[in-house]
Structure formats: C-alpha cells, structure tokens
Amino acid sequence: MRETVLLGRQRQQTAARPPTPHRHKGGLARGLLRTARPKQWVKNVLVVAAPAAAGQLFTRAALTQLPLTFVLFTACAAAVYLVNDARDAAADRAHPVKRHRPVAAGQVPASVAYAVGAALALLAPTAAALLCPLPLAALLTAYLGLQLAYCVSLKHVLVVDLAVVTTGFLMRAMAGGLALGIPLSRWFLITTGFGALFMVAAKRYSEAVQMAGKAGATRALLTEYTTGYLRFVWQLAAGVAVLGYCLWALEDDGSATSGLLPWRQLSMVAFILAVLRYAVFADRGTAGEPEDVVLHDRALAVIGVVWVAMYGLAVAHW
C-alpha cells in the first residue's frame with residue numbers, strides 16, 4: 001500500500017514538473033535559424049526595388065551586388081531578431097504564442113543568442129565596407145543602430161515605433177540603389193515610405209482590433225493607441241502613397257510616348273487596385289504580416305503581377 005502511495009506521488013511530481021526542452025543533435029543550430037526568422041527574409045527582396053525602378057536590375061553590377069546586399073541585410077535583420085528575443089525571453093514565456101520561440105522555450109540560451117547576434121551585427125557592416133560602396137555600409141550601420149534602439153526602448157514610444165518600423169522598410173528599398181550608385185528619386189522615396197507606413201499601420205490596427213480588451217498581452221503599446229487613430233494613419237499613408245505614385249506616372253519625361261502603350265499611366269490602375277484590395281483586409285482587421293496578406297489572397301497576387309508587368313514595361317520603354 002505504501003509503495004503504491006509513493007508511486008502515485010512520484011507520478012504527480014513528474015506530471016507537475018515543467019517539460020525539459022528536447023535537445024538533440026542540431027537542435028541549437030535549428031533554434032538559431034528559427035530565431036533569425038527565415039520567413040521574414042522575403043522583406044529583404046526590397047533591395048531590388050531601386051534598381052528595378054531605374055531599369056538596371058539585370059546589369060552585371062546588379063547581378064553581383066544585389067545578392068550580396070540581400071545577404072548582408074538578412075544578416076543585420078537576423079542580428080536584431082536574436083537580440084530582441086534574448087531581451088524579451090522572460091516576457092515571451094508568458095505569451096501563448098511567443099513562448100514557443102527558441103530562446104523563450106530554452107532551446108537557445110539567451111547568452112548564445114546575444115553572442116551570435118553581436119557577431120552578425122559586427123560582421124555584416126564590416127563586410128559591406130570591404131565589398132560594397134561605403135554608403136551601403138553606412139546604411140546598414142544606421143539600420144542596426146535604429147533597430148537595436150527599437151528593441152531596447154523605441155518600441156515603447158508612441159508613434160515613434162511606427163516611424164522606426166517604416167524606416168526599416170524604406171532602408172531596405174534604398175539599399176539596392178546605394179549598392180549600385182543609383183540616384184533615388186523623390187517619387188520613389190515618397191511612394192515607398194508611405195506605402196510601408198500604410199502596411200505597418202494596417203498591421204497595428206489589425207492587432208488592436210483582434211486583441212481588443214487585452215491588447216497589452218501581446219504588445220503593450222497597443223493600449224496607448226486607439227483603433228480610430230491607427231485607421232487614420234493607414235488611410236492617410238495609403239492616400240499619400242497613391243498620390244506619389246500617380247505624380248510619378250503622370251510626370252512627363254519623354255518616356256510616355258516611347259512605348260507601344262502608355263504603360264506608366266496604365267500602371268496607376270493596377271497600383272490603386274492593389275492598395276484598395278489591401279485596404280479591405282486592413283478595414284476588416286485581418287492585415288497581419290504583409291507577405292502573408294499578399295501570398296494568401298489570389299486576387300491581390302494577380303493584381304501585383306499585373307502591376308509588376310506594367311511597371312517593367314514602363315521602365316523598359318516598351
């Protein structure tokens with residue numbers, strides 16, 4: 001009888017004991033890779049934006065510099081993710097989803113995440129200074145400084161958090177131009193910057209709608225925003241992005257009549273439709289990660305392909 005009671009107590013203690021992370025060969029490496037957010041690397045494809053806009057996407061310099069720029073930007077972003085997850089490990093453990101992140105789950109020690117993040121943060125700008133134009137190295141350094149400051153404190157500052165995340169997208173779009181020495185036009189910067197703000201504010205608005213009444217549980221700053229304010233921001237940003245693009249398309253630089261059709265002007269239709277389609281998800285409060293919205297909505301993906309085709313024909317003067 002006594003043995004039965006002791007056995008029962010042992011089982012209860014074993015059941016109550018927190019599960020030990022399953023460590024196996026390659027577990028740490030896989031955990032580091034997951035922490036680096038491979039799914040988010042698609043955002044770094046924005047480095048081709050400026051060369052594509054200038055019609056220099058397939059030059060010899062572009063074919064060598066752009067893949068390198070993509071890798072360096074990916075390394076910088078991975079460094080930021082590693083440091084962020086190491087800092088937020090304790091808070092992430094209390095979150096129903098984030099507690100599965102490798103650092104919070106114990107698969108990757110915080111000290112290792114800090115070390116690998118610091119190594120990437122040092123290596124990427126150094127490699128850029130040696131292999132790329134100095135303006136690109138300066139941009140990567142500024143990106144790292146801004147994003148690390150965001151991890152430490154800026155993500156808790158009202159409005160500034162939106163500006164920092166938007167600037168990260170804008171820096172990605174600028175990187176390709178700096179890598180190839182391409183001048184960045186005012187219309188490119190306006191459209192890209194406010195387009196990014198549109199998507200960032202739409203994502204925050206969706207988070208606020210979905211987490212109504214418990215917003216602080218996932219992002220503390222959401223309790224400081226109202227859904228009305230975030231709606232105003234994404235609507236304003238969408239309007240300015242459309243205006244900037246239309247002013248570029250209607251600008252007379254002699255290319256409007258050089259092709260078979262006025263592709264610049266026609267591309268406005270696809271661009272506006274894409275913004276309006278994306279706004280549907282923003283208005284519903286379902287605009288999460290931009291890449292998820294685009295890839296999971298067939299109509300938006302088709303509109304995007306049509307716009308890319310028209311934009312390419314306009315740049316190529318066909």
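Chemist: Could you give an account of the packing of aromatic side chains, with specific residues and numbers?
Modeler: A complete count under the given rule lists 13 aromatic pairs for this structure. Judged by centre distance (6.0 Å) and plane angle (45°), the rings of Phe198 and Trp234 are tilted. Here Trp234 lies in helix α11 (residues 227–250) and Phe198 lies in helix α10 (residues 186–210), a separation of 36 residues in the sequence. Each member of the pair, Phe198 as well as Trp234, carries the same accessibility label: buried. Judged by centre distance (5.8 Å) and plane angle (10°), the rings of Tyr225 and Tyr229 are stacked. Judged by relative accessible area, which is 7%, Tyr225 ranks as buried. Judged by relative accessible area, Tyr229 falls into the partly exposed class, the value being 32%. Ring pairing ties together the aromatic residues Tyr245, Trp248, Phe271, Trp307 and Tyr311, which thus form one cluster.

Chemist: Could you give me a rundown of the pattern of salt bridges, with the residues and numbers involved?
Modeler: When charged atoms on two side chains of opposite charge get close, those side chains can pair. Per the stated rule, a full pass over the model turns up eleven salt bridges. Lys43 is the partner of Glu289 in a salt bridge, and the nearest nitrogen-oxygen pair spans 3.5 Å. Of the two residues, Glu289 sits in the loop between α12 (263–284) and α13 (290–296) while Lys43 sits in the loop between α2 (27–35) and α3 (49–53), which places them 246 residues apart along the sequence. Like Lys43, Glu289 is buried. One salt bridge in this structure joins Glu289 and Lys203, with 2.7 Å as the shortest N-O distance. Pair noted here: Glu289 is in the loop between α12 and α13 and Lys203 is in helix α10, with a separation of 86 residues, a long-range link. Lys203 carries the same exposure label as Glu289, and that label is buried.

Chemist: Give a detailed account of the packing of helix α4 (residues 60–87) against helix α9 (residues 160–180), specifying residues and quantitative values.
Modeler: Where α4 contacts α9, the two axes come as close as 9 Å, and the packing angle between them is 140°. Classified by the interaxial angle, the pair formed by α4 and α9 is oblique. Handedness of the crossing formed by α4 with α9: right-handed. Packed against α4, whose contacting residues are Ala61, Ala62, Gln65, Leu66, Thr69, Phe73 and Ala77, the element α9 presents Met171, Arg172, Ala175, Gly176, Ala179 and Leu180 at the interface. Split into classes, the residues belonging to the contact of α4 with α9 amount to nine nonpolar, three polar and one charged.

Chemist: So, the nonpolar core: which residues are in play, and what are the values?
Modeler: Within the largest apolar cluster, 38 residues are counted, with the highest numbers of intra-cluster contacts made by Phe198, Trp234 and Tyr278. Elements with a minimum of two residues in this core: α9, α10, α11, α12 and α14 (298–316). No other element matches the ten residues that α11 contributes to this core. Once residues within four sequence positions are removed from consideration, Phe198 is found in contact with Trp234, Ala237, Ala238, Val275, Tyr278 and Ala279.

Chemist: Explain the side chain of Arg204 to me, and be specific about the residues and the numbers.
Modeler: Turning to its location among the elements, Arg204 is positioned in helix α10. Taking relative accessible area as the criterion, Arg204 reaches 4% and is therefore assigned buried. Within the structure, Arg204 has its side chain in polar contact with the side chain of Asp161 (distance 3.5 Å).

Chemist: Now, about unusual backbone geometry: what can you tell me, with residues and values included?
Modeler: Trans is the common state for peptide bonds, and a negative phi is the common state for residues other than glycine. Positioned with a positive phi, Arg37 is a non-glycine residue whose angle comes to about 60°. Within the secondary structure, Arg37 is located in the loop between α2 and α3. Judged by relative accessible area, Arg37 falls into the buried class, the value being 16%.

What counts as what
- Per chain, residues are indexed from 1 in the order of the written sequence.
- The model is predicted, so local features are restricted to residues of pLDDT at least 70 and side-chain atom pairs to those at 80 or more, both for listing and for counting; the totals for chains, interfaces and linings are taken over all residues.
- No hydrogens and no water enter the side-chain calculation; it runs on all heavy atoms of the structure.
- For this analysis, a ring pair means two rings from Phe, Tyr or Trp (six-membered ring only for Trp) whose centres lie within 6.5 Å, classed as stacked if their planes differ by under 30 degrees, edge-to-face if by over 60, and tilted for the remaining angles.
- Note on conventions: DSSP H or I runs of at least 4 residues are helices, E runs of at least 2 residues are strands, and numbering of each starts at the N terminus.
- Per-residue accessibility, obtained with a 1.4 Å probe over protein chains only, is compared with the maximum for each type, and a residue is labelled buried under 20%, exposed over 50%, and partly exposed between these values.
- Here, a salt bridge means any Lys or Arg side-chain nitrogen found within 4 Å of an Asp or Glu carboxyl oxygen.
- Helix axes are fitted only over the stretch in contact, all axes being lines through C-alpha atoms; the angle between N-to-C directions runs from 0 to 180 degrees.
- Here roughly perpendicular refers to angles of 65 to 115 degrees, roughly parallel to angles under 35, roughly antiparallel to angles over 145, and oblique to all remaining angles.
- By definition, any crossing whose near helix is turned counterclockwise from its far helix by less than a right angle is left-handed, and any crossing with a clockwise turn is right-handed.
- In what follows, a contact means two residues having at least one pair of non-hydrogen atoms within 4.5 Å.
- The residue classification treats Ala, Val, Leu, Ile, Met, Phe, Trp, Tyr, Cys and Pro as nonpolar and Asp, Glu, Lys and Arg as charged. All others, Gly included, are polar.
- Here the nonpolar core consists of buried residues drawn from Ala, Val, Leu, Ile, Met, Phe, Trp, Tyr and Cys, with membership extended through side-chain atoms lying within 4.5 Å.
- In the analysis that follows, any N or O atom pair within 3.5 Å is treated as a polar contact, provided that within protein one partner can donate a hydrogen and the other can accept it, and provided that, for residues neighboring in sequence, both atoms belong to side chains.

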